[in-house]
Amino acid sequence: QLQFVESGGGLVQPGGSLRLSCVASGFTLDDATIGWFRQAPGKEDEGVSCISSSDGKTYYADSVKGRFTISRDNAKKTVYLQMNSLKPEDTANYYCAAAPPLPTPCFQLTYEYWGQGTQVTVSS
């Protein structure tokens, strides 16, 4: 049974920073490609970032490029999303998810296993 537990969300002022964590269980982390997604109220799910299992290449949505950084620690079975220079439009519930370890760009994969999410609110 593959599961994720997200943490690190909270309330932060514009321009502030947060680091989200996603702890995996039920599988070896280096066998999976991991993505971060977010969903704001009334809006569709948006892909934020992902990191491939095959070559470690990363992808960032244009809206977060230069501000967010994805990383992984396979020994700790944890994936991180460092978020800097946060904006009110970053407010959303953030989810991590896993995709098969295929040699395909991570933004082209279908993500099969999802965590429950952690809330990020950016407000003054």
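Quantities reported herein were computed from a predicted structural model and do not represent experimental measurements.

### A closer look at the overall build of the protein chain
Inference 1: The number of helices and strands found in the protein chain is zero helices and eleven strands.
Inference 2: Put simply, the protein chain runs from its N terminus to its C terminus through helices and strands in the order β-β-β-β-β-β-β-β-β-β-β.
Inference 3: For a compact globule of 124 residues, the expected C-alpha radius of gyration is about 14 Å, and the protein chain comes in at 14 Å, within 12% of that figure.
Inference 4: In terms of its C-alpha atoms, the protein chain occupies a principal-axis envelope of roughly 40 × 25 × 25 Å.
Inference 5: For the protein chain, the residues scored as buried account for 43% of the 124 residues in total.
Inference 6: A separation of at least 24 residues holds for 59% of the contacts in the protein chain among residues at least 6 apart in sequence.
Inference 7: Here the protein chain displays about 6,500 Å² of accessible surface, and carbon together with sulfur accounts for 47% of that area.
Inference 8: Positive and negative side-chain charges of the protein chain, numbering 10 and 12 respectively, have mean locations separated by a distance of 6 Å.

Calculation notes
- Residues numbered from 1 in each chain as written.
- Predicted model: local features only at pLDDT ≥ 70, side-chain atom pairs only at ≥ 80, totals over all residues.
- Heavy atoms only, no water.
- Helix = DSSP H or I, 4+ residues; strand = E, 2+ residues; numbered from the N terminus.
- Rg over C-alpha atoms; globule rule 2.2 N^0.38 Å.
- Buried < 20%, exposed > 50% of the residue type's maximum accessible area, 1.4 Å probe, protein only.
- Contact = heavy atoms within 4.5 Å.
- Areas by Shrake-Rupley, 256 points an atom, 1.4 Å probe, with all protein chains shown as cover.
- Lys, Arg positive; Asp, Glu negative; His and termini not counted.
- Charge placed at Lys NZ, Arg CZ, Asp CG, Glu CD.

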